[in-house]
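Understanding the architecture of this molecule
Spelled out, the chains give:
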Amino acid sequence: MGDSEKTKNEALQIIGQHRDLPRLVVFDLDYTLWPFYCEFGDEEEEPYLYGEALGVLHGLKEKGIDVAVASRTPTPEIATAFLHKLGIHSMFVAQEIYPSWTHKTEHFQKIHRKTGIPFTSMLFFDDEDRNIQAVSKMGVTSILVENGVNLGALRQGLAEFSQKSAH
């Protein structure tokens, strides 16, 4: 069993411990799903994800939880090319990838319009505190990641989401 499969099984166990689950989990890209800024790369490069990110994505999908992307990048074409190269492009129900000065609130408005999912039913992972603060004010459970999305971040995110849902 590969690392991704092992991580997916651990993610499924973590998800299984929670009754109240988000309907949508939204991920930033740079320093959240992958450990670099895509604008410093080019479309010819071979991108890679943080070690546990793919397993977390597959675990969420297997449990029927939708995933989306919200990325403020000056090079959306490179970000999209990287998602295709990684073979994960089709996993996401919404991809809001464009330059913006709105701390991702615009991204979330568009994701909400596309999916119909309320902000309070979303969980968000990002590496920038200003995005976490702005999106939290919309009612989205938002988790700051320091070393990318991993099982620890998933555990924290689902615990905080469950806690908010219980109130």
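The following paragraphs examine the structure supplied in this document. (Residues numbered from 1 in each chain as written. Predicted model: local features only at pLDDT ≥ 70, side-chain atom pairs only at ≥ 80, totals over all residues. Heavy atoms only, no water.)

Focus on the sheet that holds strand β2 (residues 66-71)
In spatial order, the strands read β3-β2-β1-β4-β5; together these five strands make up an open sheet with parallel pairing. Lying at the two open borders of the sheet, with one neighbouring strand each, are β3 (92-97) and β5 (141-144). Here the strands of the sheet are splayed against their neighbours by 15° on average, with no regard to which way each runs. Relative to strand β4 (residues 122-126), strand β1 (residues 24-27) runs parallel, the two being bridged by four bridges. By the bridge assignment, F27 is partnered in β4 with F125. Running at roughly 135° to β2, helix α2 (residues 53-62) makes contact with β1, β2 and β3 of the sheet. (Pairing = 2+ DSSP bridges. Helix = DSSP H or I, 4+ residues; strand = E, 2+ residues; numbered from the N terminus. Axes fitted to C-alpha atoms, helices over the stretch in contact; angles between N-to-C directions. Contact = heavy atoms within 4.5 Å.)

Let's talk about the pairing of β2
Of all six residues in β2, five are buried; the element is thus mostly enclosed. Looking at chain direction, β1 and β2 are connected through four bridges and run parallel. The partner of L24 across the bridge, within β2, is D66. What joins β1 to β2 is α2, and the crossover it makes is right-handed. As paired strands, β2 and β3 are joined by five bridges and run parallel to one another. Residue pairing for β3: V67 is matched across the bridge by F92. Crossover connection from β2 via helix α3 (residues 76-85) to parallel β3: handedness right-handed. (Buried < 20%, exposed > 50% of the residue type's maximum accessible area, 1.4 Å probe, protein only. Right-handed = clockwise from strand over helix to strand, strands pointing away.)

Considering the packing of aromatic side chains
Summed over all chains, the structure comprises eight aromatic pairs. Judged by centre distance (4.8 Å) and plane angle (65°), the rings of Y31 and Y37 are edge-to-face. Relative accessible area serves as the criterion here: at 30%, Y31 is assigned to the partly exposed category. For Y37, a relative accessible area of 35% corresponds to the partly exposed category. (Phe/Tyr/Trp six-rings, centres within 6.5 Å; stacked < 30°, edge-to-face > 60°.)

Here's the deal with the layout of surface pockets
By volume, the largest pocket amounts to about 240 Å³. Taken together, 15 residues form the lining of the largest pocket, with E39, R72, T73, P74 and E128 sitting closest to its centre. Considered class by class, the residues forming the lining of the largest pocket number four nonpolar, three polar and eight charged. (1 Å grid on protein atoms, 1.4 Å probe; cavity = no way out; pocket = protein on both sides within 12 Å on 5 of 7 lines; lining within 4 Å. Points joined across faces, edges and corners; volume = space filled by probe spheres on them. Nonpolar A, V, L, I, M, F, W, Y, C, P; charged D, E, K, R; others polar.)

So, the packing of helix α1 (residues 3-16) against α2
Between α1 and α2, the least distance of the axes is 7 Å, while the angle of their chain directions is 50°. Taken as axis vectors, α1 and α2 run oblique relative to one another. Regarding α1 and α2, the two cross each other, and that crossing is right-handed. Judged by residue contacts, S4, T7, K8, A11, L12 and I15 of α1 engage L54, G55, V56, H58, G59, L60 and E62 from α2. (Parallel < 35°, antiparallel > 145°, perpendicular 65-115°, else oblique. Left-handed = near helix turned anticlockwise from the far one by under 90°.)

Comments concerning the pattern of salt bridges
Taken as a whole and assessed by the stated rule, the structure comprises 10 salt bridges. Across the pair E10 and K6 runs a salt bridge whose closest N-O atoms are separated by 3.3 Å. With a gap of four residues between them, E10 and K6 both fall in helix α1, about one helical turn apart. Using a relative accessible area of 29% as the deciding quantity, one classes E10 as partly exposed. Residue D126 is joined to K104 by a salt bridge in which the shortest nitrogen-to-oxygen separation is 2.6 Å. Of this pair, D126 sits in strand β4 while K104 sits in the loop between β3 and α4 (105-115); the two residues are 22 residues apart in sequence, bridging distant segments of the chain. Side by side, D126 and K104 carry an identical accessibility label, which is buried. (Salt bridge = Lys/Arg side-chain N within 4 Å of Asp/Glu carboxyl O.)

Take it as geometry only, folks, not as evidence of what the structure does.
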